[in-house]
There are 2 protein chains.
Amino acid sequence: MTSQQDSALHSDAANPSRREQILRAAAQLFAERGSRAVGVDDVGAAVGVTGPAIYRHFASKDAMLAEMLLRISERLLAGGTERVAAAGASPVDQLRALVEFQVDFALDNPALITVQDRDLGALTDRDARQVRQLQRRYVEEWVAVLARLHPEASTAACRARAHALFGLINSTPHSAGRVARPAMAGLLAEMAMAAALA
Amino acid sequence: MTSQQDSALHSDAANPSRREQILRAAAQLFAERGSRAVGVDDVGAAVGVTGPAIYRHFASKDAMLAEMLLRISERLLAGGTERVAAAGASPVDQLRALVEFQVDFALDNPALITVQDRDLGALTDRDARQVRQLQRRYVEEWVAVLARLHPEASTAACRARAHALFGLINSTPHSAGRVARPAMAGLLAEMAMAAALA
DNA sequence: GCCTCAGGTTAATCGCCGTTCACACTGGAC
DNA sequence: GTCCAGTGTGAACGGCGATTAACCTGAGGC
């Protein structure tokens, strides 16, 4: 139904391998219905093959989900640290860089955003631990910046603030498409900045 | 494990019937693992009975989830309209009333908040439609207030803004417990007001 | 012209889990 | 005391869905 094609998954966006096609289709389906409600046959059908063909490319359905979530977390962490580094020394500028990065990511990859916080629990302990560790490092990036903007606040409060900002920005998938992308980006960034500095 | 006892489910909080116990336990489990990952036996075990005993109180596992989500939506809608009505004519006061109501609800019922937006898709079409309709009416309550505060903004933009505020406030379950309840309530309300008025 | 191998296919297998069944055990109502 | 409604229990049943097995094909390399 959706023509949405979350961009953060492809190595080679132009000519995606079958493996990449599967990951993208799976992300879309997982986001719509939840990973446990999506059958291996559904994923196969979405790329024009039968269910078991998946196993030529992934060890298991869980492995697909794991790879998906690991890539997202890595991409967020890498992008976040990069943007902060490029933003100079001003905490407000750093915050703005993080906000704009997260807004762009959420608008570009609504399905991945949805899957990430809905299906973390479906991973094996081992995979989940690894994803959570990457997520934690990304959060700490935000916490460090927020701490400089609110010197009086505890670390725990800054962490809560960071999570609240993620919730705000990641609300995108819920208010799907009725507002044009640039306007939406502006609105979310503005709200996030106001909330962050309040 | 958790001593959390979401309060919005009981009619008689003091001496809950077996039926209510089941709903509470199920909400907790569903929030932790997702409704599809929780077995009927798990729910039974959580209240000290075997799985099939559930069927003395609910027609099916889906019926449990449906009742849970319907109650939440009804409670939110009722609470929201009531608070707005009691807040007088000032849009800012009305907004503050809504924000404080939502913050209290989210802090009191983290499990329900989680289940509500994670497991809506597991409902039958009929039930899902009904829940969505209640949710929509609650959202419109917010949209009406936001529209008066931003007369220049489109309805769609106000709706996006409302969803963003829900995302912010409902982030509570993700930053579980490290900040004391009153401080958390203050922080979330402050951030939400700033974001709403930005 | 063969051999290999990547990538598919269809037809089992197999375990899990929602649900139903047939049979107790209560504890009031009368 | 009897009876019945309400609750539970353990043992099937049945379907669904992930995985595996066995077999096929077509494109290169040699």
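Basis of the calculations
- Residue positions are counted from 1 within each chain, in the order its sequence is given.
- Key to labels: chains lettered from A, ligands numbered from 1, both in the order written.
- Residues qualify for local features only when their pLDDT is at least 70, as the model is predicted, and side-chain atom pairs are given and counted only at 80 or more; totals for whole chains, interfaces and linings, by contrast, use all residues.
- To obtain the side-chain values, all non-hydrogen atoms of the structure were included, while hydrogens and water were left out.
- To qualify as a helix, a DSSP run of H or I must reach at least 4 residues; to qualify as a strand, a run of E must reach at least 2; elements of each kind are numbered from the N terminus.
- We compute the radius of gyration over the C-alpha atoms and compare it with the globule rule, which gives 2.2 Å times the number of residues raised to the power 0.38.
- Each residue is placed in one exposure class: buried if its accessible area under a 1.4 Å probe, protein chains only, is under 20% of its type's maximum, exposed if it is over 50%, and partly exposed if it falls in between.
- The contact rule is simple, with two residues in contact once any of their heavy atoms fall within 4.5 Å.
- Under the convention used here, a 1.4 Å probe and the Shrake-Rupley method define accessible areas, while residue burial counts only the protein chains that appear.
- A least-squares fit on C-alpha atoms brings the copies together, and the residues used are those whose pLDDT is at least 70 in both copies.
- Here, expected helix span is obtained from the residue count minus one, scaled by 1.5 Å.
- Any residue with a heavy atom positioned within 4 Å of a molecule or strand is treated as near that molecule or strand.
- Counted as a polar contact is a pair of N or O atoms within 3.5 Å, where, for protein atoms, one must be capable of donating a hydrogen and the other of accepting one, and residues adjacent in sequence contribute only when both atoms are in side chains.
- In this classification, the charged set is Asp, Glu, Lys and Arg, the nonpolar set is Ala, Val, Leu, Ile, Met, Phe, Trp, Tyr, Cys and Pro, and all remaining amino acids, among them Gly, are polar.
- Two parts lose some accessible area (1.4 Å probe) when they are put together, and adding that loss for both gives the buried area.
- Whenever a carboxyl oxygen of Asp or Glu lies within 4 Å of a side-chain nitrogen of Lys or Arg, that contact is scored as a salt bridge.

Novice: Pulling in residues and values, what's your account of the overall build of chain A?
Specialist: From N to C terminus, chain A includes 8 helices and 0 strands. Overall, chain A shows an N-to-C arrangement of helices and strands of α-α-α-α-α-α-α-α. Over its C-alpha trace chain A gives a radius of gyration of 18 Å, about what one expects of a compact globule, namely 16 Å for 198 residues. Oriented by its inertia axes, the alpha-carbon framework of chain A measures out at about 55 × 40 × 30 Å. When the 198 residues of chain A are sorted by exposure, 52% land in the buried category. In chain A, 68% of the contacts between residues at least 6 apart in sequence involve partners at least 24 apart. Approximately 9,000 Å² of chain A is accessible, and the part contributed by carbon and sulfur atoms is 49%.

Novice: Tell me about the relation of the copies chain A and chain B, and please be specific about residues and values.
Specialist: Mapping chain A onto chain B calls for a rotation angle of 180° and an axial translation of 0.0 Å; the resulting RMSD is 0.0 Å. Read as a symmetry element, the transformation amounts to a two-fold axis. In this assembly, 100% of the residues forming the interface of chain A have copies in chain B that are likewise at the interface, indicating an isologous arrangement.

Novice: With reference to specific residues and values, describe helix α1 (residues 18–33) of chain A.
Specialist: An α-helix turns once every 3.6 residues. As a result, residues three or four positions apart point the same way. Residues and elements named next belong to chain A. Between its first and last C-alpha, α1 extends 22 Å over 16 residues, near the 22 Å set by a 1.5 Å rise per residue. Those residues of α1 that sit buried are Glu20, Ile22, Leu23, Arg24, Ala25, Ala26, Ala27, Gln28, Leu29, Phe30 and Ala31. The elements touched by buried residues of α1 are α2 (40–46), α3 (61–86) and α5 (110–118). At the exit of α1 stands glycine 34, carrying a positive phi of roughly 90°.

Novice: Can you tell me about the protein's contact with DNA strand D, naming the residues and giving the values?
Specialist: In the region of DNA strand D, 15 residues are neighbours, and Val40 and Tyr55 of chain A together with Arg18, Thr50 and Arg56 of chain B sit closest. When atoms of DNA strand D within 4 Å of the protein are sorted by moiety, sugar and phosphate together comprise 58%. At 2.8 Å from a phosphate oxygen of DNA strand D is found a main-chain nitrogen or oxygen belonging to valine 40 of chain A. With respect to DNA strand D, the backbone of lysine 61 of chain A contributes an N or O atom lying 2.9 Å from a phosphate oxygen. Taken together, the residues of the surface near DNA strand D sort by class into 7 nonpolar, 4 polar and 4 charged.

Novice: Describe in detail the interface of chain A and chain B, supporting the description with residues and values.
Specialist: Counting residues at the interface gives 25 residues for chain A, matched by 25 residues for chain B. Summed over both partners, the interface of chain A with chain B comes to about 2,300 Å²; 73% of that surface belongs to carbon and sulfur atoms. Connecting chain A to chain B are 0 salt bridges. For the interface between chain A and chain B, the tally reads 0 residue pairs in polar contact (both at pLDDT 80 or more). Those elements that provide at least two residues to the side of chain A that touches chain B are α7 (155–169) and α8 (181–197) of chain A. The element best represented in the side of chain A that touches chain B is α7 of chain A, accounting for 9 residues. Taken together, the residues that form the side of chain A that touches chain B break down as 15 nonpolar, 5 polar and 5 charged.

Novice: For the environment of alanine 26 of chain B, give the residues involved together with the corresponding values.
Specialist: Residues and elements named next belong to chain B. With respect to the secondary-structure elements, alanine 26 resides in helix α1 (residues 18–33). Remark: the alpha-carbon pair of alanine 26 and valine 38, spanning 12 residues in sequence, is separated by 8.4 Å. Setting aside residues up to four positions removed in sequence, alanine 26 forms contacts with Val43, Met64 and Met68.

Novice: Provide a residue-level description of the protein's contact with DNA strand C, including the pertinent values.
Specialist: Neighbouring DNA strand C are 15 residues, the closest being Arg18, Thr50 and Arg56 of chain A together with Val40 and Tyr55 of chain B. Within the side chain of threonine 50 of chain A, a nitrogen or oxygen atom sits 2.4 Å from a phosphate oxygen of DNA strand C. Within the side chain of tyrosine 55 of chain B, one N or O atom sits 2.4 Å away from a phosphate oxygen of DNA strand C.

Novice: Quick rundown of α7 of chain A? Include the residues and the values.
Specialist: For α7 of chain A, which comprises 15 residues, the first-to-last C-alpha distance of 21 Å matches the rise-based estimate of 21 Å (1.5 Å per residue) to within 8%. For α7 of chain A, the tally of buried residues reaches 13 of 15 residues, placing the bulk of the element in the interior.

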